[in-house]
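This is what each chain is made of:
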Amino acid sequence: MEFWAALAHAGAWLNLINLVPVLGLDGAQATHALNRMQRGLILAAAILFFVFLHEGVFLFIAAGMAWRLFTGAAPESRSSATMIRYTLLLFLLGALMGLVPETMRRF
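Residues numbered from 1 in each chain as written. Predicted model: local features only at pLDDT ≥ 70, side-chain atom pairs only at ≥ 80, totals over all residues. Heavy atoms only, no water.

Focus on the overall build of the protein chain
Scanning the protein chain from N- to C-terminus turns up 5 helices and 0 strands. For the protein chain, the N- to C-terminal ordering of α and β elements is α-α-α-α-α. By the compact-globule yardstick of 13 Å for 107 residues, the protein chain fits well, its C-alpha radius of gyration being 14 Å. For the protein chain, the spread of C-alpha atoms along the principal axes amounts to about 50 × 20 × 20 Å. Each of the 107 residues in the protein chain was classed as buried or not, and the buried ones make up 38%. Put simply, 78% of the contacts in the protein chain that link residues at least 6 apart link residues at least 24 apart. (Helix = DSSP H or I, 4+ residues; strand = E, 2+ residues; numbered from the N terminus. Rg over C-alpha atoms; globule rule 2.2 N^0.38 Å. Buried < 20%, exposed > 50% of the residue type's maximum accessible area, 1.4 Å probe, protein only. Contact = heavy atoms within 4.5 Å.)

Right, here's the structure in full:
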């Protein structure tokens, strides 16, 4: 049981790393469709996830989103579908990480 819990935690962590909005990762591609307000909302959500779950990967997402928020161009129109998918992925992967007991995270 401990092995599978640790594996689930590691898998969620790796998927969240892929959502960091830097070059070469899927998070960067998604950020191109988000306007400044949506980027700010995802930044706030990532900070909240860090506060509740104490997982540093959410700080990477928040830092990347803050960088994207204040640098580069953002479309004036918003992509609600992209915003919903990105936020849903943050929530589901964060929930998976939160379900794994702290004692089983370090297998």
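Points about helix α5 (residues 80-99)
For α5, which comprises 20 residues, the first-to-last C-alpha distance of 28 Å matches the rise-based estimate of 28 Å (1.5 Å per residue) to within 8%. On the buried face of α5, the contacting elements are α1 (2-18), α2 (26-31), α3 (36-53) and α4 (57-70). (Expected span 1.5 Å × (residues − 1).)

Observations concerning the packing of α1 against α5
Their axes nearest at 9 Å, the elements α1 and α5 cross at an angle of 150°. Considered as vectors, α1 and α5 are oriented roughly antiparallel to each other. Considering how the two elements wind past one another, α1 and α5 form a crossing that is left-handed. Residue-level contacts link A8, H9, A12, W13, N15 and L16 of α1 to L90, L93, L96 and M97 of α5. (Axes fitted to C-alpha atoms, helices over the stretch in contact; angles between N-to-C directions. Parallel < 35°, antiparallel > 145°, perpendicular 65-115°, else oblique. Left-handed = near helix turned anticlockwise from the far one by under 90°.)

Take it as geometry only, folks, not as evidence of what the structure does.
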